[in-house]
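Residue strings, one per chain:
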Amino acid sequence: MFLLNQTGFQWMEKSLDASALRQRVIANNVANADTPHFKRSDVVFEELLKGTMNGSQPVLEGVRSNSKHFRIPPNTNLPANPIVETGQMSVMNNNLNNVDMDYEMSLMAKNQLKYNTIIQEMNNEFRKLKIAMDGRR
């Protein structure tokens, strides 16, 4: 369906994927809060998204020998997939663990708000599409 292949929908889809991954990573951090030598992980996505939207990330484009050939990629600047990074430097506990439960819980709440906002925006876009297809006001 071409309506769902628009860049905005693809960015929202990538953002939802990153948010779901972040939820799993935070849950793993919380589950291992008392595990000796465990190092917390974090998801890097927003920086990649901002870089792509600002045009600072290089975009690969296929060479076209004829102007009638399709663009590769077709005029989309999709962000890269989210990256999970593990912090090795800091230590929070005597068991060399670096998980701070208060910080993890605040990240989880922030992530939930982002997820809900993206879902709300997608629902609004779907509602607009439905109105356009039904011809209602």
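Residues numbered from 1 in each chain as written. Predicted model: local features only at pLDDT ≥ 70, side-chain atom pairs only at ≥ 80, totals over all residues. Heavy atoms only, no water.

(A) Expanded view of the overall build of the chain. A count of helical and extended segments in the chain gives 3 helices and 2 strands. Listed N to C, the secondary structure of the chain is α-β-α-β-α in terms of helices and strands. Of all 137 residues assigned to the chain, the portion counted as buried reaches 27%. In the chain, once contacts between residues fewer than 6 apart in sequence are set aside, the share between residues at least 24 apart is 76%. Of the accessible surface of the chain, which amounts to about 9,800 Å², a share of 56% is contributed by carbon and sulfur atoms. (Helix = DSSP H or I, 4+ residues; strand = E, 2+ residues; numbered from the N terminus. Buried < 20%, exposed > 50% of the residue type's maximum accessible area, 1.4 Å probe, protein only. Contact = heavy atoms within 4.5 Å. Areas by Shrake-Rupley, 256 points an atom, 1.4 Å probe, with all protein chains shown as cover.)

(B) Structural detail: the nonpolar core. Counting residues in each nonpolar core, the largest one holds 5 residues, listed as Phe9, Met12, Leu16, Ile118 and Met122. Elements supplying a minimum of two residues to this core: helix 1 (7-31) and helix 3 (101-134). It is helix 1 that contributes the most residues to this core, 3 residues altogether. (Core = buried A, V, L, I, M, F, W, Y, C linked by side-chain atoms within 4.5 Å.)

(C) Structural context of unusual backbone geometry. Not every positive phi belongs to a glycine, and His37 is a case in point at roughly 65°. Relative accessible area serves as the criterion here: at 54%, His37 is assigned to the exposed category. Phi is positive for Leu96, close to 65°, though the residue is something other than glycine.

(D) Broad picture of the pattern of salt bridges. With the rule as written, the count across this model stands at 5 salt bridges. Between Arg40 and Glu104 there is a salt bridge, and its shortest N-O distance comes to 2.5 Å. In this pair, Arg40 is assigned in the loop between helix 1 and strand 1 (41-44) and Glu104 in helix 3, connecting sequence segments 64 residues apart. The buried category is assigned to Arg40, whose relative accessible area is 14%. Since its relative accessible area comes to 0%, Glu104 is described here as buried. A salt bridge links Glu46 to Lys114; the nearest nitrogen and oxygen atoms lie 3.2 Å apart. Taken together, the residues span a long stretch of sequence, with Glu46 in helix 2 (residues 46-54) and Lys114 in helix 3 at a distance of 68 residues. When its relative accessible area of 23% is taken as the criterion, Glu46 is described as partly exposed. Three or more residues joined by partner-sharing salt bridges are found here, namely Arg22, Glu46 and Lys114. (Salt bridge = Lys/Arg side-chain N within 4 Å of Asp/Glu carboxyl O.)

(E) Just the side chain of Arg22, in detail. Tracing the sequence through the fold places Arg22 in helix 1. Residue classification places Arg22 among the buried positions, given a relative accessible area of 9%. Those residues within four positions of Arg22 in sequence are excluded, and the remaining contacts are Val43, Phe45, Glu46, Asn111 and Lys114.

Distances and angles like these do not, on their own, reveal function.
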